[in-house]
Amino acid sequence: MKEELIISGRNLPHIDPHLSLWHWPISLYLFLGGLAAGILFFAALVTLFRKEEKYLGAVKYATIIPPIALSVGLLALLYDLTHLWYAWRLYMVIRIESPMSWGAWTLLLVTPISFLWMISYFKEYFPNWKWQQGVWNYASIAIDFINKYKRVMAWILVPSTIILGIYTGILLSAFNARPLWNNSILGPLFLTSGLSTGAAAIIVLSKSHDERRMFSMIDLVLIGIELFLITHMLMGMLAGSQVQLEASELLLGGEFTVAFWVFVIILGLAFPAVLEIFELIGYKVPAVIPALLVLLGGMIFRFIMVDAGQITRYLY
Amino acid sequence: MRYAMAIDTLKCVGCSDCVVACQTENNVPIGYCRDWITETVDGTYPQLEIELRSERCNHCETAPCVRCCPTGASQIVDGGIVIVEHDECIGCGACIESCPYEARYTHPEGYVDKCTFCLHRVKEGLQPACVAACPTKCMYFGDIDDPNSEISHMLKTRKQKTLAPEAGTNPHIFYLI
Ligand code: SF4
Ligand code: SF4
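To start, this report covers the structure provided alongside it. All figures in this text were calculated on a predicted structure; none of them were measured in a lab. (Residues numbered from 1 in each chain as written. Chains lettered and ligands numbered in written order. Predicted model: local features only at pLDDT ≥ 70, side-chain atom pairs only at ≥ 80, totals over all residues. Heavy atoms only, no water.)

Some words on the overall build of chain B
Selection criterion: Helix numbering and strand numbering both begin at the N terminus, where a helix is a DSSP run of H or I of at least 4 residues and a strand a DSSP run of E of at least 2. As a reference, a globule follows 2.2 Å times the number of residues to the power 0.38, and the radius of gyration itself is taken over C-alpha atoms. A simple rule labels every residue: compare its accessible area, found with a 1.4 Å probe on the protein chains alone, to the largest value its type can have, and call it buried under 20%, exposed over 50%, or partly exposed in between. Under the convention used here, a 1.4 Å probe and the Shrake-Rupley method define accessible areas, while residue burial counts only the protein chains that appear. Asp and Glu count as negative and Lys and Arg as positive, but His and the ends of the chain are not part of the count. Charge positions come from single atoms, namely NZ of Lys, CZ of Arg, CG of Asp or CD of Glu.
A count of helical and extended segments in chain B gives six helices and 10 strands. Compactness check: chain B gives a C-alpha radius of gyration of 16 Å against a globular reference of 16 Å for 177 residues, within 12% of the reference. Taken along the three principal axes of its C-alpha coordinates, chain B extends 50 × 40 × 35 Å. By residue count, 63% of the 177 residues in chain B fall in the buried class. For chain B, the accessible area works out to roughly 7100 Å², and carbon and sulfur atoms hold 52% of it. Placing the 15 positive and 24 negative side-chain charges of chain B at their respective mean positions leaves the two points 4 Å apart.

Dropping the structure here:
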């Protein structure tokens, strides 16, 4: 029998407790990044299919969120940098090997477009404003100019939002030192979750019944894919090495089990899916309820993955 | 040229002189350190076995910290030594998350810091501070590409292990067991 009595000696009060160094700013950023990517992806798609009139919620109302979400996310990220005044270094190189590097560049592309997209609707948001007078006239001309390039923006957004969404997962999965994160499902999983929260946000802000129905349907499909990917992720871990087994243990019996199953799987995915099915077959369910649950579940999912992942490590 | 270190766990007495030598040499702020001692006891009483290890950055050949660094601040310099260029580091913590050995820490000034194999001393032909200070002379530092170096000799003649090689890092601190 082998009995490990002590593994100690590493008693570094200023170092060890801080190695779990990513906290809420990173989780929040991953959630907001995915949400913004989801909304902009659908807005761009609707535009490319020339269905703007039918899906106003997606192109006009929900797109108020991405510029705000990305700005808040970016602030959270900056807040987390301990050597903040050197942050410009991030934009001196592109390092394809480092997800954080190409993610930062993608963000630099998507954020301005998200602002332009929102600005392009200013005249419709504020129809009674004095757009013809003085300086506002120039603003009006600028807005018309932006609107001319809407389709170009949409073409850029479709691939770049997918990259942004997938990056929120790959950022974590690239760390082989954290076995819970280190699986290739996490990228597609966070992308799907981001798209699903995007669809949910559109449902919340949409004013048309048809649009809500359409996006409920899309969301339902995405939830299905998400559940499938989560199952796959856990199966992969259970068939993995000791460190992966220990990682999956956190979600299957360990510390994060209740939070994960109650808030993410049941309240964030399964229950909203059931409500959406009820709604689609004709029962009256306010579409906002499942949508809000999906949003909340998506956020909690990011928090759990970021926190749990940092506990997992190689043992030697 | 490939620098590496071999540490004789059978000679090490866990005195922590290497830790103090490093802190002094590299001005490591109080409460932090770039190397540390671990003590593992296993077996069942009365057949107990103790292993003492002086641990530090493994100067991995396939260093995940270098791969994940978004700015290139973490880099591999001549001789395979992994360093952090403080003026390029933004303090994002990606390298800390990617190190399986928890060898890095955030310096109170904001950048990330870790063992450098005492690059400044090595350039002058000196041994790293920890190696020079060890009273039992249990550490061997040198070029493993040179078949005649002392470390190459130790690695040829002694049984050895590296830490968590399954992490795919190809560590360059060898423990003689
Ligand atoms: S031990 Fe950690 S910090 Fe050192 S090279 Fe390997 S991964 Fe990087
Ligand atoms: S904390 Fe510094 S050295 Fe580490 S990955 Fe970020 S920029 Fe690179």
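Some remarks on the interface of chain B and chain A
The cut-off we apply is this: Contacts are assigned to residue pairs with any non-hydrogen atoms lying within 4.5 Å of each other. Accessible area that two parts lose when put together, evaluated with a 1.4 Å probe and summed over both, is termed the buried area. By definition here, a salt bridge exists when the distance from a side-chain nitrogen of Lys or Arg to a carboxyl oxygen of Asp or Glu is within 4 Å.
Each partner contributes residues to the interface: chain B has 50 residues there, and chain A has 43 residues. Approximately 4100 Å² of surface area, both sides summed, lies buried where chain B meets chain A, with 55% of it carried by carbon and sulfur atoms. Considering only the side of chain B, the residues that lose the most area to chain A are B:Ile90, B:Glu97 and B:Glu102, jointly responsible for 19% of the buried surface there. The interface formed by chain B and chain A holds three salt bridges in total.

Some remarks on the sheet that holds strand S10 (residues 173-176) of chain B
In a beta sheet, neighbouring strands are held together by backbone hydrogen bonds and run either parallel or antiparallel to one another. Residues and elements named next belong to chain B. Formally: Pairing between strands is defined by DSSP: at least two bridges between the two strands are required. Fitted lines through C-alpha atoms serve as axes, helices being fitted only where they are in contact, and the angles separating the N-to-C directions of these axes extend from 0 to 180 degrees.
Strands sit in the order S8-S1-S10-S9 across an open sheet of four strands; the sheet is mixed. The sheet is open, and its two edges are formed by strand S8 (139-143) and strand S9 (160-161), each paired on a single side. Bridge analysis of S9 against S10 gives two bridges, and the strand direction is antiparallel. Of the residues in S10, the one forming a bridge with Gln160 is Leu176. Relative to S8, helix H6 (residues 150-157) is tilted by about 115 degrees, and along the sheet it contacts strand S1 (3-8), S8, S9 and S10.

Overview of a nonpolar patch on the surface
Residues and elements named next belong to chain A. This is how the line gets drawn: For patch detection, residues must exceed 30% relative accessible area and be free of salt bridges, and they are connected within 9 Å for like charges or within 5 Å for nonpolar side chains (Val, Leu, Ile, Met, Phe, Trp, Tyr).
On the surface, Phe126, Trp129, Val135, Trp136, Tyr138 and Ile141 cluster together to form a nonpolar patch covering roughly 680 Å² of accessible area. Position of Tyr138 relative to the elements: it lies in helix H6 (residues 134-148). On the basis of relative accessible area, Tyr138 is assigned to the exposed category, the value being 62%.

Details of the site of ligand 2
Defined as follows: Proximity is defined per residue: if any heavy atom of the residue lies within 4 Å of a molecule or strand, that residue is considered near it. Three classes are used, and their members are as follows: Ala, Val, Leu, Ile, Met, Phe, Trp, Tyr, Cys and Pro are nonpolar, Asp, Glu, Lys and Arg are charged, and the others, Gly among them, are polar.
Near ligand 2, the surroundings consist of 14 residues, among which B:Cys69, B:Ser74, B:Cys89, B:Cys92 and B:Cys95 are the closest. Looking at the shell around ligand 2 residue by residue, the classes come out as 10 nonpolar, four polar and no charged.

Some points on the pairing of S10(B)
Residue and element names in this part refer to chain B. The alternating pattern of S10 places Ile173 and Tyr175 on one face and Phe174 and Leu176 on the opposite face, and all of these are buried. Here S1 pairs with S10 via four bridges, running parallel. Of the residues in S10, the one forming a bridge with Met5 is Ile173.

Re the packing of helix H1 (residues 24-48) of chain A against helix H3 (residues 65-80) of chain A
Residues and elements named next belong to chain A. Let me state the cut-off plainly: An angle counts as roughly parallel when it lies under 35 degrees, as roughly antiparallel when it exceeds 145, as roughly perpendicular when it falls between 65 and 115, and as oblique in every other case. Should the near helix be turned anticlockwise from the far one by less than a right angle, the crossing is termed left-handed; should it be turned clockwise, right-handed.
Put simply, H1 and H3 touch, their axes get as near as 8 Å, and they point 155 degrees apart. By the criterion of interaxial angle, the relationship of H1 to H3 is roughly antiparallel. In terms of crossing hand, the pair formed by H1 and H3 is left-handed. Note on element contacts: H3 touches H1 through Ile65, Pro66, Ala69, Leu70, Val72, Gly73, Leu74, Ala76, Leu77, Tyr79 and Asp80, opposite Trp24, Pro25, Ile26, Leu28, Tyr29, Leu32, Gly33, Leu35, Ala36, Ile39 and Leu40. A breakdown of the residues in the contact of H1 with H3 according to their chemical character gives 19 nonpolar, two polar and one charged.

Side note on the nonpolar core
To keep things clear, this is the line we draw: For this analysis, a nonpolar core means a set of buried residues of the types Ala, Val, Leu, Ile, Met, Phe, Trp, Tyr and Cys, connected via side-chain atoms within 4.5 Å.
If you look at the biggest cluster of nonpolar residues, it comprises 134 residues, and the most contacted ones within it are A:Trp22, A:Leu189, A:Phe260, B:Met5 and B:Met139. Looking at this core element by element, the count peaks at 16 residues for H1(A). Not counting residues up to four positions away in its chain, the partners in contact with A:Leu189 are A:Glu226, A:Leu229, A:Ile230, A:Met233 and A:Phe301. Counting residues in hydrophobic clusters, the runner-up holds eight residues, among them B:Ala6, B:Tyr140, B:Ile151 and B:Met154.

Some points on H3(A)
All names here are of chain A. Stated formally: Between the first and last residue of a helix there are one fewer steps than residues, each counted as 1.5 Å, and that sum is the expected span.
Taking 1.5 Å per residue, 16 residues should reach 22 Å; H3 reaches 22 Å between its end C-alpha atoms and fits that length. Restricting attention to buried positions, one finds in H3 the residues Pro66, Pro67, Ala69, Leu70, Gly73, Ala76 and Asp80. Contacts from the buried residues of H3 go to H1, helix H4 (99-119) and helix H7 (150-173).

Function cannot be read off these values alone, since they describe shape.
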